[in-house]
Amino acid sequence: MAGWRQAVELAMTNEEIETLTALSRSRTEPARRVSRAAMLLAYRETPSFFAVGQRLGAHHQTVQRCVERAVADGALTALDERPRPGREPVITPEAKAWLVSLACDKAKEHGYPHELWTTRLLARHAREHGPGAGHECLAHLVQGTVCKLLGQEEIKPHKVRYYLENRDAEFEQKMAEVLYVYREVQVLKKARRQVEEIGQTGSDRLLRREAWNPGHRDDSARSAARAGRACDLRARS
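Remember, predicted model here, so these are calculated numbers, not experimental data.

Enquirer: Residue-level account of the overall build of the chain, with values.
Expert: In terms of helices and strands, the chain carries nine helices and zero strands. Along the chain direction, N to C, the helices and strands of the chain fall in the order α-α-α-α-α-α-α-α-α. The buried share of the chain, taken over its 237 residues, is 21%. Put simply, 50% of the contacts in the chain that link residues at least 6 apart link residues at least 24 apart. Accessible surface, the chain: about 18,900 Å² in total, of which carbon and sulfur atoms supply 52%.

Right, dumping it as C-alpha cells:
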C-alpha cells in the first residue's frame, strides 16, 4: 500500500503573491500561466495536491509538478514551460540571408521569363543553386518553408509596389512644352471645326431662303411680260 504523500512547504514573498493573484484573474495571459498561478495560490491556502486538483479540476500530479518546480526554481519561473532541448535549426542564418536576398531580386534577372518570383519557383531555384552557393541545407527546401522564412521578414516577392522617380532636372520644363504642343493642337482643331460649321451654316441659310421663296427667280420675267402687254394696248389704241 502506498504511503501518504507529504505536503511540500511552499514559501512565497508578498510580491510573488501579488503577481500570482493578478495573473490568476487575467484574461489576456495564456491559459497555462493563469492555471498554474491559481494552483500555487490554492496550494498556499490548502497544502494538498488532491484538494487543489479537485478544486481546480486538474490532476493531482499536475499540481504536484507545478508546486515542486516552484520550490526548486521559484514561483514565477514555474509558470512557464521548461526549456526543451531540440535539434539545431536545419537552415543556417547565412542560408536564410541568401534566400531573402534572392527574393528581393526579380526572377527575370536570374534567367526566368517571369518578372516576379513565386514561392514555388523560389524554392526550386534555391534547391538547384543553393548548394552551389555554399548552402547545403537548401538542397531539400520546400515551398512551405520558403513561405515561413519570407513571412518572418515580411517579404512578399509576388507583389510589387510601383512609384514614379524624377531623374531629369529639366523634366518640368519639357513636360510644359509637350503639354503646350498638345494644347495648341486642340485649339487649332477647334478653330477648324468652327470655320467648317460657319461655312455649312451659311450654305444652309441660302438654301432655306431659296426653298422659302421658290418663285423669286421669275419676278424679272413677269415684269417684262407686263411691260410688253402694256405696249401692245397703247399701239392698238
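Enquirer: Break down the layout of surface pockets for me, citing the residues and quoting the values.
Expert: When its volume is computed, the largest pocket comes out at roughly 280 Å³. Lining the largest pocket are 13 residues, and of these Arg36, Arg65, Cys66, Arg69 and Ala78 sit closest to its centre. Listed by contribution, the elements that provide at least two residues to the lining of the largest pocket are α2 (31-45) and α4 (60-73). Across the lining of the largest pocket, the residue classes break down as three nonpolar, two polar and eight charged.

Enquirer: Could you give an account of a nonpolar patch on the surface, naming the residues involved and the relevant values?
Expert: A grouping of Phe171, Met175 and Leu179 is seen on the molecular surface, where their side chains present a nonpolar patch of about 290 Å² in accessible area. When you line up the elements, Leu179 lands in helix α8 (residues 171-212). Take Leu179: its relative accessible area is 52%, and that puts it in the exposed class.

Enquirer: Describe helix α6 (residues 119-129), naming the residues involved and giving the relevant values.
Expert: At 3.6 residues per turn, the α-helix brings residues three or four places apart onto the same side. Taken residue by residue, α6 has Thr119, Leu121, Leu122, Ala123, His125 and Ala126 as its buried positions. Elements in contact with the buried residues of α6: α5 (93-103) and α7 (143-152).

Enquirer: So what's going on with the packing of aromatic side chains? Which residues, and what values?
Expert: Overall, the coordinates contain two aromatic pairs when judged by the stated rule. Geometrically, the ring pair formed by Tyr43 and Phe49 is stacked, given 5.3 Å between the ring centres and 15° between the ring planes. Residue classification places Tyr43 among the buried positions, given a relative accessible area of 2%. Taking relative accessible area as the criterion, Phe49 reaches 6% and is therefore assigned buried. Judged by centre distance (5.6 Å) and plane angle (65°), the rings of Tyr112 and Trp117 are edge-to-face. Given the relative accessible area of 14%, Tyr112 is considered buried.

Enquirer: How would you summarise a positive patch on the surface if you had to cite specific residues and measurements?
Expert: Taken together, the side chains of Arg183, Lys189, Lys190 and Arg193 present a region of like positive charge at the surface. Assignment of secondary structure puts Lys190 in helix α8. Using a relative accessible area of 49% as the deciding quantity, one classes Lys190 as partly exposed.

Enquirer: Which residues make up the pattern of salt bridges, and what values go with them?
Expert: A complete count under the given rule lists six salt bridges for this structure. Across the pair Arg36 and Glu81 runs a salt bridge, and its minimum N-O distance is 2.8 Å. Residue Arg36 is found in helix α2, and its partner Glu81 is found in the loop between α4 and α5; the two are separated by 45 residues along the sequence. For Arg36, a relative accessible area of 19% corresponds to the buried category. What makes Glu81 partly exposed here is its relative accessible area of 40%. Each of Glu29, Arg33 and Asp80 takes part in salt bridges that share partners, so that together they form one network.

Rules and cut-offs
Residues numbered from 1 in each chain as written. Predicted model: local features only at pLDDT ≥ 70, side-chain atom pairs only at ≥ 80, totals over all residues. Heavy atoms only, no water. Helix = DSSP H or I, 4+ residues; strand = E, 2+ residues; numbered from the N terminus. Buried < 20%, exposed > 50% of the residue type's maximum accessible area, 1.4 Å probe, protein only. Contact = heavy atoms within 4.5 Å. Areas by Shrake-Rupley, 256 points an atom, 1.4 Å probe, with all protein chains shown as cover. 1 Å grid on protein atoms, 1.4 Å probe; cavity = no way out; pocket = protein on both sides within 12 Å on 5 of 7 lines; lining within 4 Å. Points joined across faces, edges and corners; volume = space filled by probe spheres on them. Nonpolar A, V, L, I, M, F, W, Y, C, P; charged D, E, K, R; others polar. Patch = residues over 30% accessible without salt bridge, like charges linked within 9 Å, V, L, I, M, F, W, Y side chains within 5 Å. Salt bridge = Lys/Arg side-chain N within 4 Å of Asp/Glu carboxyl O. Phe/Tyr/Trp six-rings, centres within 6.5 Å; stacked < 30°, edge-to-face > 60°. Lys, Arg positive; Asp, Glu negative; His and termini not counted. Charge placed at Lys NZ, Arg CZ, Asp CG, Glu CD.

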